[in-house]
Amino acid sequence: MTDRVRRLRERVAGLPLRTQLTAVFAALLVVGLGLSGVVAYTLLERSLTAQLDAQLTTVTPVLLDELGGGLPQRGRADDTLPSDYVVVVNDADGGLLRAWSAGTAPEGAPDLTGLTLAEVVDTDGEPFTVRGPAQESWRVLAQPLARPDGRLLGSVAVALPLGPAHATLDRMRTSLVLIGVAVVGLGALAGRWAVRRSLRQLNEIEATAAAIAAGDLTRRVPGAAPGTEVGHLADSLNVMLGHLERSFDERAAAGERMRRFVADAGHELRTPLATIRGYGELYRMGAVRDDDDLARTFRRIEDSAARMGVLVEDLMHLARLDEGRPLARDEVDLAVLAADAAADLRALDPTRTVALVPLTPGASTADAVVAGDESRLRQVLANLVGNAARHTPDGTPVEIAVGRLTTDGAGGTAVVEVRDHGPGIPAEHAARVFERFYRVDAGRSRDHGGTGLGLAIVDAIVRAHGGTVSLVPTSGGGATARIALPAAPPSGQDAPSEDDGAAPEEVATQNPDGGGRDPA
């Protein structure tokens, strides 16, 4: 039995949804119409029986009054009553005294003889049903027959046939069955139409899913009526499809960047390797003879190896940043790092005018404190300052601006800007200079000894600290690299106050040739 039920469930589960819903709707109609038909049939049967009982209850007292003087003579009356009544008078022992009927042959009437007075008394005046010779049902009411002094002589039984009532019930049953079949059939058709209409959008969703599976990620589910289940499903699927499309686009873009990155890395490594191999072959073939050529050869080999080492170190650094390794979270004063970077730039090019200035004129540089990794943030400023030194003419002024912007957040934003006044960078390249191996001029970084990864490392470190980096034009010409980092919450102690020009004056003291001048 269990296996049969399981197979039935599996068979039903394998049917289409519209077929299952239509079958459920038709089954509900069958159950509802069946229950209503049974109730109506039962009520009608009880009503017809009650009508017959009322007729018997009305006629029997009249007959008792007519027979109130005593028992009739034995025999069967030839006269008939003006209806389908059958009347039988029995003595106390159930012997037949007289019987007569109307409209029904005596042989078709039920046999009411043998009904003793004790049995009649036991009926307590309630009608009961008996069957005639032709298996036709009759409704009978039996009452005791008494003399005027109260002595019981026998009984009178009055019967009415249930045939007409049963015929009415048969017609009623046939009508209910026909009406039920028609209603269930029409209801099933209407239900199937309604289900198909309601599930039409699911077919559209299925078609959209098939198109997406075929590779068309731009397809979307047509909008449905808001507030409906299908509408909610369509909205959810469209949101999911949007995320999937963006994910695939990002994945494709990442794959393209990775392919370009590998190609560029191979190209960058190939140049120093070719140099090392070339000079090695010259030495092996004996082309390098005197000491000067030998020293120059090994110097070039050493420079190429150093360049390759720098490139490999940068690649490993980026790989570690991509892994998302946790960084130190110490309080770092960006003003201190900016001052050190300014000093490094002056040492690299003493002809430059280098100034450390507040981000906002008249403000202070002392409150630009962030929570981060000091060595990584020093590398950020070193890369930016080195980039400005490599890609601007000698003597070009540079300012490093430091400050804190107050926002609605708890700590605000600490900002560092490295401003140069060189040739600048075209706007179409400004948004891509932080990509790995991207060069505005394909040969410029190589000529200046760069790897094309310095700004990419800056971007990775800043993003690891929850900040942003951008490149914007400098007022008056040049380029400004802007770093914005979440500032550390106030510690509760007031930061040491400084005069507005203290930082530039300190730089000027270190660089008396004009470090305190603002070339902008």
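Residues numbered from 1 in each chain as written. Predicted model: local features only at pLDDT ≥ 70, side-chain atom pairs only at ≥ 80, totals over all residues. Heavy atoms only, no water.

**Quick word on the overall build of the protein**
Going by this rule: Numbered from the N terminus, helices here are DSSP runs of H or I no shorter than four residues, and strands are runs of E no shorter than two. A simple rule labels every residue: compare its accessible area, found with a 1.4 Å probe on the protein chains alone, to the largest value its type can have, and call it buried under 20%, exposed over 50%, or partly exposed in between. Residue-level accessible areas treat just the shown protein chains as cover; the underlying method is Shrake-Rupley with a 1.4 Å probe.
From N to C terminus, the protein includes 13 helices and 13 strands. Expressed as a percentage of the 520 residues in the protein, the buried residues total 36%. A total accessible area of about 29700 Å² is found for the protein, and carbon and sulfur atoms account for 56% of it.

**Overview of the side chain of Thr-275**
Using the following cut-off: Here, two residues are considered to be in contact whenever any of their heavy atoms come within 4.5 Å of each other.
With respect to the helices, strands and loops of the structure, Thr-275 is situated in helix α6 (residues 229–284). For Thr-275, a relative accessible area of 18% corresponds to the buried category. Beyond its immediate sequence surroundings of up to four residues, Thr-275 is in contact with Arg-300 and Ser-304.

**Overview of the pattern of salt bridges**
Put simply, the test is: For this analysis, a salt bridge means a side-chain nitrogen from Lys or Arg found within 4 Å of a carboxyl oxygen belonging to Asp or Glu.
Taken as a whole, this structure holds nine salt bridges when the rule is applied. Arg-419 is the salt-bridge partner of Glu-417, the closest N and O atoms lying 2.9 Å from each other. Judged by relative accessible area, Glu-417 falls into the buried class, the value being 11%. Residue Arg-482 pairs with Glu-417 through a salt bridge whose shortest N-O separation is 3.1 Å. In this pair, Arg-482 is assigned in strand β13 (residues 479–486) and Glu-417 in strand β11 (residues 413–420), connecting sequence segments 65 residues apart. A cluster of three or more residues bridged by salt bridges with shared partners is formed by Asp-340, Glu-374 and Arg-378.

**Focus: the side chain of Ser-304**
Following the sequence through the fold, Ser-304 ends up in helix α7 (residues 291–322). Sequence-distant contacts of Ser-304, defined by excluding residues within four places in its chain, comprise Pro-272, Thr-275 and Ile-276.

**Some remarks on the pairing of strand β4 (residues 128–131)**
Basically, it comes down to this: Two strands qualify as a pair provided that DSSP identifies no fewer than 2 bridges between them.
In the sheet, β4 pairs with strand β5 (residues 137–146) via four bridges, with the strands oriented antiparallel. Residue pairing for β5: Arg-131 is matched across the bridge by Ser-137. Taking the residues between adjacent antiparallel strands as the criterion, β4 and β5 are bridged by five residues, where Gln-135 takes a positive phi near 60 degrees.

**Observations regarding the sheet that holds strand β12 (residues 468–473)**
Definition in use: Interaxial angles span 0 to 180 degrees and are taken between N-to-C directions of axes, which are lines fitted to C-alpha atoms, for helices over the stretch in contact.
Reading across the sheet, the five strands line up as β8-β10-β11-β13-β12 and stay open at both edges, with mixed pairing between neighbours. Bordering the open sheet on either side are β8 (354–358) and β12, each of which pairs with just one other strand. Averaged over all pairs of adjacent strands, the angle between strand axes in this sheet comes to 15 degrees, irrespective of strand direction. In terms of strand pairing, β12 meets β13 through six bridges, oriented antiparallel.

**A few points about the packing of helix α9 (residues 374–390) against helix α12 (residues 454–464)**
Worth spelling out the cut-off: If you view the pair so one helix is near and one far, a crossing is left-handed when the near helix is turned anticlockwise from the far one by less than a right angle, and right-handed when it is turned clockwise. Charged means Asp, Glu, Lys or Arg here, nonpolar means Ala, Val, Leu, Ile, Met, Phe, Trp, Tyr, Cys or Pro, and polar covers whatever is left, Gly included.
Where α9 contacts α12, the two axes come as close as 9 Å, and the packing angle between them is 150 degrees. The handedness of the crossing between α9 and α12 comes out as left-handed. Of the residues in α12, those touching α9 at Arg-376, Gln-379, Val-380, Asn-383, Leu-384 and Asn-387 are Gly-454, Leu-455, Ile-457, Val-458, Ile-461 and Val-462. Partitioning the contact of α9 with α12 into residue classes produces seven nonpolar, four polar and one charged.

**Things to note about the environment of Val-262**
Looking at the secondary structure, you find Val-262 in helix α6. Between the alpha carbons of Val-262 and Phe-437 there is a distance of 9.9 Å; along the sequence they are 175 residues apart.

**Quick look at a positive patch on the surface**
Formally: Two distance rules govern patches: like charges are joined within 9 Å, and nonpolar side chains (Val, Leu, Ile, Met, Phe, Trp, Tyr) within 5 Å, applied only to residues with over 30% relative accessible area and no salt bridge. His is not counted here, nor are the chain ends, while Lys and Arg score as positive and Asp and Glu score as negative. Lys charges are placed at NZ, Arg charges at CZ, Asp charges at CG and Glu charges at CD.
A grouping of Arg-192, Arg-196, Arg-197 and Arg-200 is seen on the molecular surface, where their side chains present a positively charged patch. Note on placement: Arg-192 falls in helix α4 (residues 163–198). Exposure remark for Arg-192: the relative accessible area of 33% places this residue in the partly exposed category.

**So, the packing of helix α8 (residues 334–348) against α9**
Two elements in contact, α8 and α9, have axes separated by 10 Å at closest approach and are oriented at 35 degrees. Both α8 and α9 take part in a crossing whose hand is right-handed. Only Glu-374, Leu-377, Arg-378, Leu-381, Val-385 and Ala-389 of α9 make contact with α8, whose side of the interface consists of Leu-334, Val-336, Leu-337, Ala-338, Asp-340, Ala-341, Leu-345 and Leu-348. In terms of residue class, the contact of α8 with α9 is built from eleven nonpolar, no polar and three charged.

**Quick word on the confidence of the model for the protein**
Using the following cut-off: Scored from 0 to 100, pLDDT records how confident the predictor is in each individual residue.
Predicted confidence across the protein gives a mean pLDDT of 78, with 83% of residues reaching 70 or more. Counting interchain partners and residues more than four positions distant, the pLDDT-below-50 stretch residues 76–80 has eleven contacts. Residue range residues 442–449 is modelled with pLDDT below 50. Its contacts to residues more than four positions away, or to other chains, number ten contacts.

**Overview of α8**
The criterion, for reference: Helix span, as expected, comes to 1.5 Å for every residue beyond the first.
Taking 1.5 Å per residue as the helical rise, α8 with its 15 residues ought to reach 21 Å, and the 21 Å between its terminal C-alpha atoms agrees with that figure. Within α8 the residues assigned to the buried category are Leu-334, Ala-335, Leu-337, Ala-338, Ala-341, Ala-342, Leu-345 and Arg-346.

**So, the nonpolar core**
Quick note on the threshold: Only buried residues count toward a nonpolar core. Its members are Ala, Val, Leu, Ile, Met, Phe, Trp, Tyr and Cys residues joined through side-chain atoms within 4.5 Å.
Core analysis: the largest hydrophobic core is formed by 46 residues, its most contacted members being Leu-334, Leu-384, Ile-400 and Val-402. Among the elements that make up this core, the one with the highest residue count is α8 (seven residues). Beyond its immediate sequence surroundings of up to four residues, Ile-400 is in contact with Ala-338, Ala-341, Ala-342, Ala-355, Leu-356, Val-357, Val-385, Val-416 and Glu-417. Counting residues in each nonpolar core, the second largest holds 14 residues, with Val-89, Leu-97, Trp-100 and Leu-145 among its members.

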